[in-house]
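Spelled out from the first residue to the last, the chains are:
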Amino acid sequence: MPGRFTLAAEGGPSMAERVAEAAAGSRVVKAFNLCHEDVWPMTPPVFDGVPLSVPLCGDDRDALATVRSLVEDLGCGAVEAGGLERAGLLEATAAFMIGLWFSGADAQAVLPPLKFASGSPDKANA
């Protein structure tokens, strides 16, 4: 069975939403939670020729722009993933993927590249 990771916020608001609520007036962006700390010193983090993408969840446009700039400065691509209400999905994705990694599975192999998302490469190029 894959590593059993659970969410501290399971069944309630995400941790990002809890931070935003606890720090009234703050500008919170959920990002950088899908990779181990050893990934970030890579210059840039590229895997099999593909730069790392970093999902961002947040409600404040200026805060999102700041974090997007940080992501791009690292050589990564920023992926807008919706408002802060979607941060729980990002947190759950991290728990799921980390569990796969600890069980020895290549989590990257779980999702096909975008060009194959609709099936065969012939369909993707049609």
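One structure accompanies this document, and this report is about it. What you see is a predicted model; the values in this text were computed from it and never measured. (Residues numbered from 1 in each chain as written. Predicted model: local features only at pLDDT ≥ 70, side-chain atom pairs only at ≥ 80, totals over all residues. Heavy atoms only, no water.)

### A few points about the overall build of the chain
Alright, step 1. Tallying secondary structure elements over the chain gives four helices and five strands in all.
Alright, step 2. Counting from the amino terminus, the chain carries its helices and strands in the arrangement α-β-β-β-β-α-β-α-α.
Alright, step 3. Within the span of the chain, comprising 126 residues, buried residues form 25% of the whole.
Alright, step 4. Here the contacts in the chain between residues at least 6 apart in sequence split such that 67% fall between residues at least 24 apart. (Helix = DSSP H or I, 4+ residues; strand = E, 2+ residues; numbered from the N terminus. Buried < 20%, exposed > 50% of the residue type's maximum accessible area, 1.4 Å probe, protein only. Contact = heavy atoms within 4.5 Å.)

### Considering the pairing of strand β4 (residues 53-58)
Alright, step 1. Burial of β4 is extensive: five of the six residues sit out of reach of the surface.
Alright, step 2. Inspection of the sheet shows strand β1 (residues 29-30) paired to β4 by two bridges, in the antiparallel sense. Of the residues in β4, the one forming a bridge with Val 29 is Gly 58.
Alright, step 3. For β4 and strand β5 (residues 77-80), the ladder comprises four bridges, and the chain directions are parallel. Across the sheet, residue Val 54 finds its bridge partner in β5, namely Ala 78.
Alright, step 4. Tracing the backbone out of β4, into helix α2 (residues 61-73) and back to the parallel element β5 gives a crossover that is right-handed. (Pairing = 2+ DSSP bridges. Right-handed = clockwise from strand over helix to strand, strands pointing away.)

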